[in-house]
Amino acid sequence: MARGRFISLEGGEGVGKSTQLAALEEALRRRGFDVLVTREPGGSEGAEAIRRLLLEGEEGRWNARAEALLFAAARSDHVAKTIKPALAAGRWVLSDRFLDSSLAYQGEAGGLGIEAVRDLHRFGSEDFLPDRTLVLSLDAGEGRARARHRDGDEGDRIGGRPPSYHAAVERGFRLMADAEPERVKLVDASGNAETVTARLIAALGDLLQ
Ligand SMILES: Nc1ncnc2c1ncn2[C@@H]1O[C@H](COP(=O)(O)OP(=O)(O)OP(=O)(O)O)[C@@H](O)[C@H]1O
Ligand SMILES: [Mg+2]
């Protein structure tokens, strides 16, 4: 059986990842693919337990290195228990966030460095990578305004960090797109949801042949 494809959807808070994941799932199903939707941190039983450790509690609950290790540990379990078995069964896997969020948030914005965080992925998940990473990009603040409109003022431990942190996250995603242009595509997330979905499908074009 042909191996399925692994697609990750990335971007800052509130840019429309979850909205677009549902739209992409639908579009791929219509094309006859068997699709598994998953998310990070989480996506397997062990990784969902780690998700609660990461997103709940005080801002100072973890130091930056411990936080990066927890993300890498969660991802290792997610890859081994959920993603690889689904791909081997010929399914397409769509993940709401994956490695590039760790590279942008913990590596670039958190100051650990992109290479240090990539090293954790080399160890934890043997550098297993998506076939395509779609990064939704919006003008600074616009995504957070969408998220605030959705949630009111509440953010989680990481979403609640200051604007300078989130600007560095955006820079991190752009660095990844520059470094790995075949895998990582920046997609304009402005405009209505249907327009954004069409851009995402176009950015998957070669994989859909
Ligand atoms: N193209 C769009 N135009 C306007 N609003 C949108 C668009 N796409 C999504 N939204 C709305 O913006 C809010 C954030 O979208 P969504 O939850 O999909 O973002 P997200 O990237 O998954 O956020 P988070 O980082 O918090 O998980 C939601 O209320 C959603 O309905
Ligand atoms: Mg979401």
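See the structure printed just above.
Everything numeric in this text was worked out from a predicted model, so none of it was measured. (Residues numbered from 1 in each chain as written. Chains lettered and ligands numbered in written order. Predicted model: local features only at pLDDT ≥ 70, side-chain atom pairs only at ≥ 80, totals over all residues. Heavy atoms only, no water.)

**Q** In this structure, what is going on with the overall build of the protein? I would like to understand it.
**A** Within the protein one finds 9 helices and 5 strands. Counted from the first residue to the last, the protein has its helices and strands arranged as β-α-β-α-α-β-α-α-β-α-α-β-α-α. Against the 2.2 N^0.38 benchmark of 17 Å for 209 residues, the protein shows a C-alpha radius of gyration of 16 Å, consistent with a compact globule. Dimensions of the protein along its principal axes, counting C-alpha atoms only, are 45 × 40 × 30 Å. Here the protein holds 209 residues, and 48% of them are scored as buried. Excluding contacts between residues fewer than 6 apart, the proportion of contacts in the protein whose partners are at least 24 apart in sequence is 76%. For the protein, the separation between the mean place of its 30 positive charges and that of its 34 negative charges on side chains is 2 Å. (Helix = DSSP H or I, 4+ residues; strand = E, 2+ residues; numbered from the N terminus. Rg over C-alpha atoms; globule rule 2.2 N^0.38 Å. Buried < 20%, exposed > 50% of the residue type's maximum accessible area, 1.4 Å probe, protein only. Contact = heavy atoms within 4.5 Å. Lys, Arg positive; Asp, Glu negative; His and termini not counted. Charge placed at Lys NZ, Arg CZ, Asp CG, Glu CD.)

**Q** What am I meant to see in the nonpolar core here?
**A** The nonpolar side chains of soluble globular proteins are, as a tendency, buried together. Judged by nonpolar contacts, the single largest core of 31 residues is most densely connected at Phe6, Ile83, Val93, Phe98, Tyr105, Phe128 and Val169. Per-element tally for this core: the top contributor is helix α3 (residues 64-88), with 7 residues. The residues contacting Phe6, other than those within four sequence positions of it, are Ile83, Leu87, Val93, Ser95, Phe98, Phe128, Leu129, Pro130, Asp131 and Arg132. In this structure, Ala27, Leu94, Ala189 and Leu204 belong to the second largest nonpolar core, which totals 22 residues. (Core = buried A, V, L, I, M, F, W, Y, C linked by side-chain atoms within 4.5 Å.)

**Q** Before we go on, may I ask you to explain unusual backbone geometry in this structure?
**A** Both trends apply: most residues other than glycine have a negative phi, and most peptide bonds are in trans. Going from Glu40 to Pro41, the amide bond is cis rather than trans, its omega being -15 degrees. Residue placement: Pro41 occurs in the loop between β2 (35-39) and α2 (45-55). The backbone of Arg97 sits at a positive phi, close to 75 degrees, despite the residue not being glycine. By secondary structure assignment, the location of Arg97 is in the loop between β3 (92-96) and α4 (99-109).

**Q** How do you make sense of the site of ligand 1 when you look at a structure like this?
**A** If you check the shell around ligand 1, you find 14 residues, and the closest are Lys17, Ser18, Thr19, Arg150 and Gly191. A distance of 3.1 Å separates an oxygen atom of ligand 1 from a polar backbone atom of Gly14. For ligand 1, the protein covers 73% of the area, taking 630 Å² as the surface of the free molecule. Elements represented by at least two residues in the shell around ligand 1 include exactly α1 (17-30) and α6 (142-151). The greatest single-element share of the shell around ligand 1, amounting to 3 residues, is contributed by α1. The residue inventory of the shell around ligand 1, partitioned by class, reads 2 nonpolar, 7 polar and 5 charged. (Near = heavy atom within 4 Å. Polar contact = N/O pair within 3.5 Å; in protein donor to acceptor, adjacent residues only side chain to side chain. Areas by Shrake-Rupley, 256 points an atom, 1.4 Å probe, with all protein chains shown as cover. Nonpolar A, V, L, I, M, F, W, Y, C, P; charged D, E, K, R; others polar.)

**Q** Got a minute to help me understand the pairing of strand β1 (residues 6-10) in this structure?
**A** Counting buried positions along β1 yields 5 of 5 residues, so the element is predominantly enclosed. Taking every second residue as pointing to the same face, both faces of β1 are buried, with Phe6, Ser8 and Glu10 on one and Ile7 and Leu9 on the other. Two elements, β1 and β3, share 4 bridges in a ladder whose sense is parallel. Within β3, the position partnered with Ile7 by the bridge is Leu94. One ladder, built from 4 bridges, connects β1 with strand β4 (residues 132-137); its direction is parallel. What sits directly across from Glu10, in β4, is Val135. (Pairing = 2+ DSSP bridges.)

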